Amino acid sequence: MNTLKFVLASALTALLALPASADGVMVFGASGQLGAPHVRMLVERGETVTAFVRETSDRKRLNGLNIQYAVGDLMDADSILTAMTEFKPRVVIDTSARRGGMMTREQPFYAEAMRNIVDAAKANGVKQIIIHSSVGVRGSAKKYLEEELGYNTESQNIRDKGEAEIYLEESGVGYTIIRNGLLEFEPAEATGNGYLIDDMNAFGRITRTDLAAVSLECMDNADCLSKIYHAQDDSLVGPRPEREGGD
Ligand SMILES: NC(=O)c1ccc[n+]([C@@H]2O[C@H](COP(=O)([O-])OP(=O)(O)OC[C@H]3O[C@@H](n4cnc5c(N)ncnc54)[C@H](OP(=O)(O)O)[C@@H]3O)[C@@H](O)[C@H]2O)c1
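These lines cover the structure that appears in this document, whether it is placed above or below. (Residues numbered from 1 in each chain as written. Predicted model: local features only at pLDDT ≥ 70, side-chain atom pairs only at ≥ 80, totals over all residues.)

**Quick word on the overall build of the protein chain**
And then number 1: On a plain count of helices and strands, the protein chain comes out with seven helices and 10 strands.
And then number 2: Buried residues in the protein chain amount to 41% of all 247 residues.
And then number 3: When contacts within the protein chain are restricted to residue pairs at least 6 apart in sequence, those whose partners lie at least 24 apart make up 73%. (Helix = DSSP H or I, 4+ residues; strand = E, 2+ residues; numbered from the N terminus. Buried ≥ 20, exposed ≤ 12 C-beta atoms within 10 Å, placed from the backbone. Contact = placed C-beta atoms within 7 Å.)

**Focus: the site of the ligand**
And then number 1: Surveying the vicinity of the ligand reveals 25 residues, the closest of which are Gly29, Gly32, Leu34, Ser57 and Leu74.
And then number 2: Tallied by class, residues from the shell around the ligand come to six nonpolar, 13 polar and six charged. (Near = placed C-beta within 6 Å. Nonpolar A, V, L, I, M, F, W, Y, C, P; charged D, E, K, R; others polar.)

**Side note on the packing of helix α3 (residues 77-87) against helix α4 (residues 110-123)**
And then number 1: Taken N-terminus to C-terminus, the directions of α3 and α4 make an angle of 35°; their axes are 9 Å apart at the nearest point. Along this stretch, α3 crosses α4, giving a crossing that reads as right-handed. On the side of α3, the interface is formed by Ala77, Ile80, Leu81 and Met84, while α4 contributes Asn116, Ile117, Asp119, Ala120, Ala121 and Ala123.
And then number 2: Its residues assigned to classes, the contact of α3 with α4 comprises eight nonpolar, one polar and one charged. (Axes fitted to C-alpha atoms, helices over the stretch in contact; angles between N-to-C directions. Left-handed = near helix turned anticlockwise from the far one by under 90°.)

**Quick notes on α3**
And then number 1: For α3, every residue scored as buried is listed here: Ile80, Ala83, Met84 and Phe87. Down the axis of α3, the buried set is contained in an arc of 90°. They therefore lie on one face. Projecting away from the buried face of α3 at angles above 90 degrees are the exposed residues Asp78 and Glu86.
And then number 2: Of the surrounding secondary structure, the elements contacted by the buried residues of α3 are β1 (25-28), β2 (49-53), β3 (68-71) and α4.
And then number 3: Backbone geometry just after α3 places Lys88 at a positive phi near 45°. (Arc of directions from axis to C-beta.)

**Topic: unusual backbone geometry**
And then number 1: Residue Pro187 follows Glu186 across a cis peptide bond; omega there is -5°.
And then number 2: Following the sequence through the fold, Pro187 ends up in the loop between β7 (182-183) and β8 (194-197).
And then number 3: Backbone geometry at Ala141 places phi at a positive 50°, although glycine is not the residue there.
And then number 4: On the secondary structure map, Ala141 appears in the loop between β5 (128-134) and α5 (142-148).
And then number 5: With 24 C-beta atoms counted inside 10 Å, the residue Ala141 sits in the buried group.
And then number 6: One non-glycine residue with positive phi stands out, namely Ser226, at about 60°.
And then number 7: With respect to the helices and strands, the residue Ser226 is situated in the loop between α7 (208-217) and β10 (227-233).

**Considerations on the sheet that holds β10**
And then number 1: Strand order in this open sheet of eight strands is β3-β2-β1-β4-β5-β6-β10-β8, and the pairing throughout is mixed. Pairing within the sheet leaves two strands with one partner each, and these edge strands are β3 and β8. Direction aside, the axes of adjacent strands within the sheet are offset by 25° on average.
And then number 2: Where β5 meets strand β6 (residues 175-180), six bridges bridge the pair, whose relative direction is parallel. Paired with Ser133 across the strands is Arg179, a residue of β6.
And then number 3: Lying on the sheet, α3 is in contact with β1, β2 and β3; it crosses β3 at an angle near 150°.
And then number 4: The sheet contacts of helix α6 (residues 156-169) involve β5 and β6, and relative to β5 the element is tilted by about 160°. (Pairing = 2+ DSSP bridges.)

Written out as structure tokens, the structure reads:
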């Protein structure tokens, strides 16, 4: 009898030690061009979605969607911890991008944002973090990018994204890293042909809507855990069309 009581007490203690049950999805960069299609598709799936936005974010891409908002800043660790503690997401998706200007060592963005997201996620029992990174990071497709396209794969921006990837990989939280090559300028019609490939030399074009769709195929998908993918679309070949007055 005493043994049974001990087992029950231990089970109860273990249960209480777990964070409150995690559910729903929190999207960072939700007001952006890549974030908004993620949010829309998550709503269509019936998910409880929390859009993490800044006080100053223009929410027009999210108008009319039945979602909840968390207001903060990726550079403010406390605001992220507060948001995750309140909304307890099961999955976190980071679609953010530093806007404008050239990255310098003194102005880290992606690594700092990732530290803040991961630390808050760990404290709140998040099951999976999906991040959008770039082809070129950590030597991926280096030869093609440098020799064929003349890109600098050692730029501060690329190194910053590399640090973010490594911090996530080493965090112990379930993760999926999705690197994009060339995103079509908006507005861009989805093709439905986007896909993920685990070839670290792959480089191609894709629309943000298709990128969101393939990214969500990895959500709650054990096959995608601890994986890095490159995203592309073989129906988009040749040079990317110029911007057509979209944003
Ligand atoms: N390969 C390519 O051709 C290509 C081109 C562009 C981007 N990308 C990559 O694709 C991803 C998405 O880019 P995108 O162009 O779709 O993004 P975007 O439209 O510029 O949106 C960026 C989002 O990040 C948010 N954000 C920026 N700084 C923040 C901060 N300090 N705190 C909270 N939120 C912040 C923005 O919020 P606000 O609304 O408040 O600014 C916005 O929602 C990024 O990883 C980017 O590097 C690739």
